[in-house]
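Residues per chain are reported as follows:
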Amino acid sequence: MATIKDVARLAGVGLGTASRVVSGKGSVSPATLEKVRKAIEELGFRPSHAARSLLSGSSQMVGVYIPVLSGTFYTPILQIIDTELRAAGLHMVVAFGVGLGDERRQAIDGIEFLMERGCDGLIVMTSALQDEDVAALGVKQRDMIVLNHSFASIAEQCFTVDHHLGGRRAARALLDFKHRDIAVIAGPSRLADSVARVEGFMAELTENGIDTAGMWVAESDFSPAGGWNAAKELVESGKQVSALFCANDEMAVGALSYFQEAGIRVPHDLSVIGYDDTPSAEFSAPRLTSVHMPWREMTLNGVNALLNRCYDLERPVARNFSVTMTLRASLAQAAPRKSA
């Protein structure tokens, strides 16, 4: 396999000159440029990733941290990031929460792992970090963007959506379909975005005359198994409801599966709404009505912002993203309430 030294030798130029041609940095005369290019073509020279990194002073790698590598939520986001980076001639390195310690410790360790590998920039998707953890990154803060969370110290580098509004959208949909007897499967209370969506949901109901104090509410873990178990608890509680709001699609899919096994027809006996509008919502049975979070737009603009920071590009960056409802077969009009 030809090396940069072979190219320089064949072209009759110094190693530094050949390196400047390969990296595209520094000036060389047109005649010298042509000689080096001909040598590259004749030798079939292809610089390795390590060689390009040495020549450019950049690893051409972007690190991505996510809390878990499972389910249908993170996979599409990783696909979007990888596609954009590859189109820009860059590579993605992924770290996720494993090992000892709580979620915060795992996030810190994952980010340190990516920095130790020489990543030019970081895309971080976790709400477990605290402001002091961001401050501890020092100058590396500049080369990081955050998805689905916001830190006051680097607000311009954070790309998130209005989860409080998302919760309100879910409640509004149920109210429009005349539901008043409603149950909720919430996500983990330690996650800020999970809390925001449920708070928004409850606020919209309260403002429309629904007494939320006596509502059936269970906290689960954002997994299909968590949704199944919580749905089972709801049925066994004997609580009579006409609709169920699940704070993410994976729990909603788990709940749908339990209802099907228990002989509860959705939406004839019970309407179900999810949150996120992931691919699982589109292909569940019945197809799931869900709050549509603009993850693609959020992710693309976050990637653009990072590439601008790390590689001096001038890609367009938007920061306001619409939150809407995707209506599907799991939502129907509530049956008239039986009189006492």
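Overview of the structure. Please read all numbers here as calculations on a predicted model, not as lab measurements.

Attention now goes to the overall build of the protein. When its secondary structure is counted, the protein shows 13 helices and eleven strands. Taken over the C-alpha trace, the protein has a radius of gyration of 26 Å; the compact-globule value for 340 residues is 20 Å, which it surpasses by more than 25%. Seen through its C-alpha atoms, the protein measures out along the principal axes to roughly 95 × 40 × 35 Å. Scored against the burial criterion, the 340 residues of the protein give a buried share of 49%. Sequence separation of 24 or more characterises 68% of the internal contacts of the protein that already satisfy a separation of 6 or more. Accessible area of the protein: about 16,600 Å², with a carbon and sulfur share of 52%. The centroid of the 33 positive side-chain charges in the protein is displaced by 6 Å from the centroid of its 39 negative side-chain charges.

As a further point, take a nonpolar patch on the surface. On the surface, L69, F96 and V98 cluster together into a nonpolar patch covering about 260 Å² of accessible area. Mapping F96 onto the fold places it in strand β2 (residues 91-96).

To summarise the sheet geometry, strands pair through backbone hydrogen bonds and adopt either a parallel or an antiparallel arrangement. In spatial order, the strands read β7-β6-β8-β9-β10-β11; together these six strands make up an open sheet with mixed pairing. At either end of the open sheet lies a strand with only one pairing partner, and these are β7 (216-219) and β11 (324-326). Taking the axes of each pair of neighbouring strands and ignoring which way they run, one obtains an average angle of 20° across the sheet. Two elements, strand β10 (residues 289-292) and β11, share three bridges in a ladder whose sense is antiparallel. Considered in β11, the bridge of S290 is made with T326.

Attention now moves to helix α9 (residues 192-207). Here α9 contains 16 residues, and its C-alpha end-to-end distance of 22 Å stays within 8% of the 22 Å for a straight helix at 1.5 Å per residue. Those residues of α9 lying buried are D193, S194, A196, R197, V198, G200, F201, M202, A203, E204 and L205. Buried positions along α9 lie against α8 (163-176), β6 (182-186), β7, β8 (243-246) and β9 (271-276). Phi turns positive one or two residues past the end of α9, at G209, with a value near 85°.

Mapped onto the secondary structure, T299 falls in helix α13 (residues 295-311). For T299, a relative accessible area of 0% corresponds to the buried category. Sequence-distant contacts of T299, defined by excluding residues within four places in its chain, comprise I77, I80, I81 and L147.

Here we come to the layout of surface pockets. To locate leftover empty space, one rolls a probe as large as a water molecule over the atoms. Size it by volume and the largest pocket reaches roughly 680 Å³. Around the largest pocket sit 32 residues that line it, and P67, V68, Y74, L191 and F222 are the ones nearest its centre. Partitioning the lining of the largest pocket into residue classes produces 13 nonpolar, eleven polar and eight charged. Empty space within the second largest pocket amounts to approximately 580 Å³. Considering the residues around the second largest pocket, the lining is formed by 23 residues, among which Q240, V241, S242, D269 and L270 are closest to the centre. For the lining of the second largest pocket, a count of residues per class yields ten nonpolar, six polar and seven charged.

According to the stated counting rule, one finds six aromatic pairs in the structure shown. When the centroid spacing of 4.4 Å and the interplanar angle of 15° are considered together, the rings of F201 and F245 count as stacked. One end of the pair, F201, is in helix α9; the other, F245, is in strand β8, and 44 residues separate them in sequence. According to the relative accessible area criterion, F201 is buried, its value standing at 0%. On the basis of relative accessibility, which here comes to 0%, the residue F245 falls in the buried class. These aromatic residues form a ring-pair network of at least three members: F73, Y74 and W295.

A few words now on the nonpolar core. Ranked by size, the top nonpolar core spans 71 residues in total, and within it I123, F201, L244, F259 and V272 carry the most contacts. Here this core takes eight residues from α13, the largest share from any one element. The residues touching I123, leaving out its near neighbours within four places in the chain, are V62, G63, V64, Y65, I81, I145, L147, V303 and L306.

The next subject is the pattern of salt bridges. Within the structure shown, the criterion is met by 20 salt bridges. We note a salt bridge from E156 to R319, for which the minimum N-O separation is 3.6 Å. One end of the pair, E156, is in the loop between β4 (144-147) and β5 (158-159); the other, R319, is in the loop between α13 and β11, with 163 residues separating them in the sequence. A relative accessible area of 35% means that R319 is categorised as partly exposed. The partner of R168 in a salt bridge is E204, with the nearest N and O atoms 2.6 Å apart. Highlighted residues: R168 in helix α8 and E204 in helix α9, separated in sequence by 36 residues. Given the relative accessible area of 19%, R168 is considered buried. Among the charged side chains, a network of salt bridges with common partners joins R168, R172, D176, E204 and E207.

Rules used throughout
Residues numbered from 1 in each chain as written. Predicted model: local features only at pLDDT ≥ 70, side-chain atom pairs only at ≥ 80, totals over all residues. Heavy atoms only, no water. Helix = DSSP H or I, 4+ residues; strand = E, 2+ residues; numbered from the N terminus. Rg over C-alpha atoms; globule rule 2.2 N^0.38 Å. Buried < 20%, exposed > 50% of the residue type's maximum accessible area, 1.4 Å probe, protein only. Contact = heavy atoms within 4.5 Å. Areas by Shrake-Rupley, 256 points an atom, 1.4 Å probe, with all protein chains shown as cover. Lys, Arg positive; Asp, Glu negative; His and termini not counted. Charge placed at Lys NZ, Arg CZ, Asp CG, Glu CD. Patch = residues over 30% accessible without salt bridge, like charges linked within 9 Å, V, L, I, M, F, W, Y side chains within 5 Å. Salt bridge = Lys/Arg side-chain N within 4 Å of Asp/Glu carboxyl O. Pairing = 2+ DSSP bridges. Axes fitted to C-alpha atoms, helices over the stretch in contact; angles between N-to-C directions. Expected span 1.5 Å × (residues − 1). 1 Å grid on protein atoms, 1.4 Å probe; cavity = no way out; pocket = protein on both sides within 12 Å on 5 of 7 lines; lining within 4 Å. Points joined across faces, edges and corners; volume = space filled by probe spheres on them. Nonpolar A, V, L, I, M, F, W, Y, C, P; charged D, E, K, R; others polar. Phe/Tyr/Trp six-rings, centres within 6.5 Å; stacked < 30°, edge-to-face > 60°. Core = buried A, V, L, I, M, F, W, Y, C linked by side-chain atoms within 4.5 Å.

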